[in-house]
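Results of the structural survey
As a plain string of letters, each chain reads:
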Amino acid sequence: MSLQLRKHFEEIITLTDEEFDYVLSHFEPKKFRKHQFVVQEGNDVDHEYFVLKGLLKSTYPKEDGKDHILQFSMENWWVTDYQAFFNRQKATLNIDCIEDVTALMLTASNKNKLCSEMHKMEHFFRIKTNGGYVALPQRILSFLQYDAKARYQQLIGKYPQLYQRLPKTLLASYLGVSRETLSRFTV
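Heads up: these notes are all about the structure in this document. (Residues numbered from 1 in each chain as written. Predicted model: local features only at pLDDT ≥ 70, side-chain atom pairs only at ≥ 80, totals over all residues. Heavy atoms only, no water.)

1. Side note on the overall build of the protein chain
Per the secondary structure count, the protein chain includes nine helices and eight strands. Against the compact-globule benchmark of 16 Å for 187 residues, the protein chain has a radius of gyration of 17 Å, which places it among compact chains. Across its three principal directions, the C-alpha atoms of the protein chain cover 55 × 35 × 30 Å. Counting over 187 residues, the protein chain shows a buried share of 41%. In the protein chain, of all internal contacts separated by at least 6 residues, the share reaching a separation of at least 24 is 69%. Across the protein chain, the centroid of the 25 positively charged side chains sits 7 Å from that of the 23 negatively charged ones. (Helix = DSSP H or I, 4+ residues; strand = E, 2+ residues; numbered from the N terminus. Rg over C-alpha atoms; globule rule 2.2 N^0.38 Å. Buried < 20%, exposed > 50% of the residue type's maximum accessible area, 1.4 Å probe, protein only. Contact = heavy atoms within 4.5 Å. Lys, Arg positive; Asp, Glu negative; His and termini not counted. Charge placed at Lys NZ, Arg CZ, Asp CG, Glu CD.)

So, in structure tokens, the structure goes:
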């Protein structure tokens, strides 16, 4: 568990054993069951989650009861409702488990503490945040620039493991197509 987090950090920064032990002491392990909410609309959002094992989906609930799938999160990804997490607001998203999930939780205060005490950690989180800033417009632009089949090919090309793990109804919803339309892409 800790080795996976350390390897993730060391893609960007180098930590001594003592530094890593100190950083790790700020995280709390947590297991979630399939279909369990990690973040639920209307609740406080006190944690950011580093996914060790499993698959989650982040959705925006519509008034008609249907959800817009914003993203999927799998191993070595960070996830939370960032608007609520950073602004200390109630969640506007739901994040729930598609599979059983094991994650490491980090509170906003512990994240701020680590960043203020260790320049390395501030650098790490800045680089990760920058990646998120790049990914979000790419997702939006894919809907503006490409048809559904091209979006499907782009997603599968970038994340081939998702195709094997996601129920096709969720994959279709994420792409903004019906299950039947998705099945035509996969023939």
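2. Comments concerning the pattern of salt bridges
When the charged atoms of two side chains with opposite charge come close together, those side chains can pair. Following the criterion strictly, the structure yields nine salt bridges and no others. When the shortest N-O distance is used, the salt bridge between Asp-46 and Arg-88 registers 3.1 Å. Placement of Asp-46 in the loop between β2 (37-39) and β3 (47-53) and of Arg-88 in the loop between α3 (82-87) and β7 (94-97) is noted, with a sequence separation of 42 residues between them. Since its relative accessible area comes to 38%, Asp-46 is described here as partly exposed. The shortest N-O distance in the salt bridge between Glu-48 and Lys-111 comes to 2.8 Å. You can see Glu-48 sitting in strand β3 and its partner Lys-111 sitting in helix α4 (residues 108-117), a full 63 residues away along the chain. Residue Lys-111 is classed as buried on the basis of its relative accessible area of 6%. Salt bridges linked by common partners bring Arg-6, Glu-10 and Asp-17 together as one network. (Salt bridge = Lys/Arg side-chain N within 4 Å of Asp/Glu carboxyl O.)

3. Here's the deal with the sheet that holds strand β5 (residues 67-73)
On the basis of which strands lie adjacent, the open sheet formed by four strands has the order β2-β7-β4-β5 and antiparallel pairing. Each edge of the open sheet carries a strand with a single partner, namely β2 and β5. Pairs of neighbouring strands in the sheet enclose a mean axial angle of 30 degrees, with direction left out of account. Together, β4 (56-61) and β5 form the strand contacts of helix α8 (residues 168-175), whose direction differs from that of β5 by roughly 110 degrees. (Pairing = 2+ DSSP bridges. Axes fitted to C-alpha atoms, helices over the stretch in contact; angles between N-to-C directions.)

4. What to know about the nonpolar core
Ranked by internal contacts, the top residues of the largest apolar core, which has 19 residues, are Phe-72, Leu-175 and Leu-182. Residue contributions to this core peak at five residues, all from α8. Among all residues touching Phe-72, those that are not within four sequence positions of it are Leu-55, Leu-56, Lys-57, Trp-77, Ile-98, Leu-162, Leu-166, Leu-170 and Tyr-174. (Core = buried A, V, L, I, M, F, W, Y, C linked by side-chain atoms within 4.5 Å.)

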